[in-house]
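# Observations on the three-dimensional arrangement
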Amino acid sequence: MAKILQIQLEQDSGKSLHDDELRRSLIDLNRAGVGLMEIVTAPDFSTGTEAAAFIKELLLILQTIKVCDGKMSEGSLRVDANVSVHHPGQPLGVRTEVKNLNSITGVTKAIDFEIKRQISELEKGNEIFNETKSFDYVTGKTVTMRDKERLQDYRFMPEPNLLPLRLYTNDTLPTGLSDDQIVNVDKLRDSLPLLPAQKRQAVQDKYGLSYNQAQFLVGEEGLLEYFTDVVEETNRDPLLTYNLLANQVLMYLNREDISIHNSPVCSKRLKELVVLLSHKTISLNTAKKVLEVMFEGDTRLPPDIVEHHNWKQITDPDKIEEYCLDAITKNHKLVNL
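One structure accompanies this document, and this report is about it. (Residues numbered from 1 in each chain as written. Predicted model: local features only at pLDDT ≥ 70, side-chain atom pairs only at ≥ 80, totals over all residues. Heavy atoms only, no water.)

### A few points about the overall build of the protein chain
Selection rule: Helical segments are the DSSP runs of H or I of at least four residues, strand segments are the runs of E of at least two, and each set is numbered from the N terminus. Our radius of gyration is a C-alpha quantity, and the globule rule it is checked against amounts to 2.2 Å times the number of residues to the power 0.38. The contact criterion used throughout is that any non-hydrogen atoms of two residues lie within 4.5 Å. Using a 1.4 Å probe, the Shrake-Rupley method yields the accessible areas, and only the shown protein chains count as cover for residues. Under this rule, positive means Lys or Arg and negative means Asp or Glu; His and the chain ends count for nothing. By convention, charge coordinates are those of NZ in Lys, CZ in Arg, CG in Asp, or CD in Glu.
If you tally the helices and strands in the protein chain, you get eleven helices and ten strands. The C-alpha radius of gyration of the protein chain comes to 29 Å, more than 25% above the 20 Å expected for a compact globule of 337 residues. Dimensions of the protein chain along its principal axes, counting C-alpha atoms only, are 90 × 65 × 45 Å. Of the contacts made within the protein chain by residues no fewer than 6 positions apart, 53% connect residues no fewer than 24 positions apart. Counting only carbon and sulfur atoms, one obtains 52% of the accessible surface of the protein chain, whose full area is about 23200 Å². Averaged over its 40 positive side-chain charges, the protein chain has a centre that lies 3 Å from the centre of its 51 negative ones.

In structure tokens, the structure reads:
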């Protein structure tokens, strides 16, 4: 949980590309003029892990309301992390800003490194400078870009061509204006889809899964829809479906770097596999083998694959006894009484 201090709209001005070997810089203006939204939070995080968890949740919300595709590596969202250290009860220390972090892992590592670096410097009796840094993903260290004490930092100015944006609620709506002339916050709130926190609670309530299991399903794009499709259609144990999906299907997808949307094992085929497991027609180990066969390119449905390989599980005690006696009879020299 974090407090939002402000949200500001900007325009992308382009970016600099630096070549250290050739000692030259190029300017990329391909994104110049593209709208940007900057969200500024209060200093409510104590570790890189906490900040990363916030970014994850923010990404899920932005993806849910379809204002961002969440592809941090492609520049859809970047993080500038301001880091300072201080003793409990004392004012915040001098901060440094680590700019343009483009992955959740990068956010965690950059912040944690900068915290340790600042603590180490202060313990040595050194001073922390107000500076802008970048994060070197190879060395895992922050690198100074510019000193904010000597260089003038960014300044913002209002856009004179944009009219003031006035927000209203149901209780403060003016009269005599049409809906397209009014921004009604309550109306916008009511039009929102289920947000990630609401989805997690719904999954827990409906399917009896734990918070972490619900978080896993909601946190992966397309995974909850896939899971829901299987469970609703088969009316089977949600935990069985979850374990098969989380521990087996995703293992293959991650290994081949395939998204759930492009999975060769569609929800229909997984439904068939869940039914076989639920009826104890096959064991879990056999289900793993069936999945492997399907991921290797076999397009048949699971029942056909099981039938072809004679992988059905034998559960009838009389049948099992018959097979055991037959094995003993055929191999009597190996039997020790």
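And the narrative resumes.
### What to know about a negative patch on the surface
Rule in force here: Note on patches: the residues involved have over 30% relative accessible area and no salt bridge, like charges join within 9 Å, and the nonpolar side chains Val, Leu, Ile, Met, Phe, Trp and Tyr join within 5 Å. Whenever a carboxyl oxygen of Asp or Glu lies within 4 Å of a side-chain nitrogen of Lys or Arg, that contact is scored as a salt bridge.
A contiguous patch of negative charge on the surface is contributed by D69, E74, E221 and E225. You can see E225 is positioned in helix α6 (residues 223–234).

### Some points on the pattern of salt bridges
The line we're drawing: Relative accessibility thresholds used throughout: buried, under 20% of the residue-type maximum; exposed, over 50%; partly exposed, between the two (1.4 Å probe, protein chains only).
This model, assessed by the stated rule, comprises 15 salt bridges. Note that K3 and D44 form a salt bridge whose closest N and O atoms lie 3.2 Å from each other. One end of the pair, K3, is in the segment before β1 (4–11); the other, D44, is in the loop between β4 (35–41) and α1 (48–64), with 41 residues separating them in the sequence. Exposure remark for K3: the relative accessible area of 51% places this residue in the exposed category. One salt bridge in this structure joins D179 and K187, with 3.5 Å as the shortest N-O distance. Looking at D179, the relative accessible area reads 59%, which means it is exposed. What you see here is one network of salt bridges that share partners, running through D80, E97 and K99.

### So, unusual backbone geometry
A positive phi angle, close to 60°, is found at K280, a residue other than glycine. Tracing the chain through its elements places K280 in the loop between α8 (267–278) and α9 (284–295). Since its relative accessible area comes to 56%, K280 is described here as exposed. The phi dihedral of N310 is positive, around 55°, even though this residue is not glycine. Within the secondary structure layout, N310 lies in the loop between α10 (302–309) and α11 (317–330). On the basis of relative accessible area, N310 is assigned to the exposed category, the value being 66%.

### Description of the side chain of Q248
Inspection of the secondary structure puts Q248 in helix α7 (residues 238–256). Take Q248: its relative accessible area is 11%, and that puts it in the buried class. Other than its neighbours up to four places away in sequence, Q248 contacts N243, K288 and L291.

### Section: the layout of surface pockets
We apply this condition: Two kinds of site are reported from a 1 Å grid over the protein atoms alone, namely cavities, where a 1.4 Å probe fits but cannot get out, and pockets, open sets with protein on both sides within 12 Å along at least five of seven lines, and residues are called lining when an atom falls within 4 Å of a point. Grid points are joined across faces, edges and corners, and a volume is the space filled by probe spheres set on the points. Under the scheme applied here, ten amino acids are nonpolar (Ala, Val, Leu, Ile, Met, Phe, Trp, Tyr, Cys and Pro), four are charged (Asp, Glu, Lys and Arg), and all others, including Gly, are polar.
Of the volumes computed, that of the second largest pocket is approximately 1200 Å³. The set of elements that each furnish at least two residues to the lining of the second largest pocket consists of α1, α5 (211–219) and α7. The element contributing the most residues to the lining of the second largest pocket is α1, with eight residues. Among the residues forming the lining of the second largest pocket, the class breakdown is 17 nonpolar, nine polar and ten charged.

### Focus on the packing of α7 against α9
As a reminder, the rule being used: To get an axis, fit a line to the C-alpha atoms, keeping to the stretch in contact for a helix; angles then go from 0 to 180 degrees between the N-to-C directions. Relative orientations are named as follows: roughly parallel for angles under 35 degrees, roughly antiparallel for angles over 145 degrees, roughly perpendicular for angles from 65 to 115 degrees, and oblique for any other angle. Left-handed describes a crossing in which the near helix is turned anticlockwise from the far one by less than a right angle; the clockwise case is right-handed.
Contact geometry of α7 with α9 gives a least axis separation of 11 Å together with a crossing angle of 30°. By the angle class used here, α7 and α9 are roughly parallel. For α7 against α9, the interelement crossing comes out right-handed. Contact residues: α7 offers L244, Q248, V249, Y252 and L253, while α9 offers L284, A287, K288, L291, E292 and F295. Partitioning the contact of α7 with α9 into residue classes produces eight nonpolar, one polar and two charged.

### Some details on the packing of aromatic side chains
Each aromatic ring pair is characterised by the separation of its centres together with the angle its planes make. Where we set the bar: Ring geometry is summarised as follows: Phe, Tyr and Trp rings, the Trp one being its six-membered ring, pair when their centres sit within 6.5 Å, and such pairs are stacked at plane angles under 30 degrees, edge-to-face over 60 and tilted between the two.
Applying the stated criterion across every chain, the model contains five aromatic pairs. Ring geometry for F45 against F54: centres 5.3 Å apart, planes inclined by 45°, an arrangement best described as tilted. Its relative accessible area of 28% is what places F45 among the partly exposed residues. An angle of 90° between the planes, with centres 5.3 Å apart, marks the rings of Y207 and F227 as edge-to-face. Within this pair, whereas Y207 is found in helix α4 (residues 196–207), its partner F227 is found in helix α6, the two being separated by 20 residues in sequence. Here Y207 falls in the buried class, since its relative accessible area comes to 12%.

### Section: the packing of α1 against helix α2 (residues 104–123)
Interhelical geometry of α1 versus α2 gives an angle of 155° and a closest axis separation of 8 Å. Judged on the interaxial angle alone, α2 and α1 are roughly antiparallel. Crossing hand, α1 versus α2: right-handed. Contact residues: G48, T49, A51, A52, I55, K56 and L59 in α1; I104, V107, T108, I111 and D112 in α2.

### So, the nonpolar core
For clarity, the threshold we go by: Grouping buried Ala, Val, Leu, Ile, Met, Phe, Trp, Tyr and Cys residues that are joined through side-chain atoms within 4.5 Å yields what is termed a nonpolar core.
Counting residues in hydrophobic clusters, the biggest one holds 37 residues, and the most contacted among them are L217, F227, L244, L245, L270, L273 and L291. The set of elements that each furnish at least two residues to this core consists of α4, α5, α6, α7, α8, α9 and α10. Take this core: its biggest share by element is eight residues, from α7. If sequence neighbours within four positions are ignored, F227 has contacts with Y207, L209, L217, P238, T241, Y242 and L245.

### Side note on a nonpolar patch on the surface
Judged by side-chain polarity, I4, I7, L9 and M37 come together as a nonpolar surface patch covering roughly 440 Å² of accessible area. Under the relative-accessibility criterion, I7 is labelled exposed at 52%.

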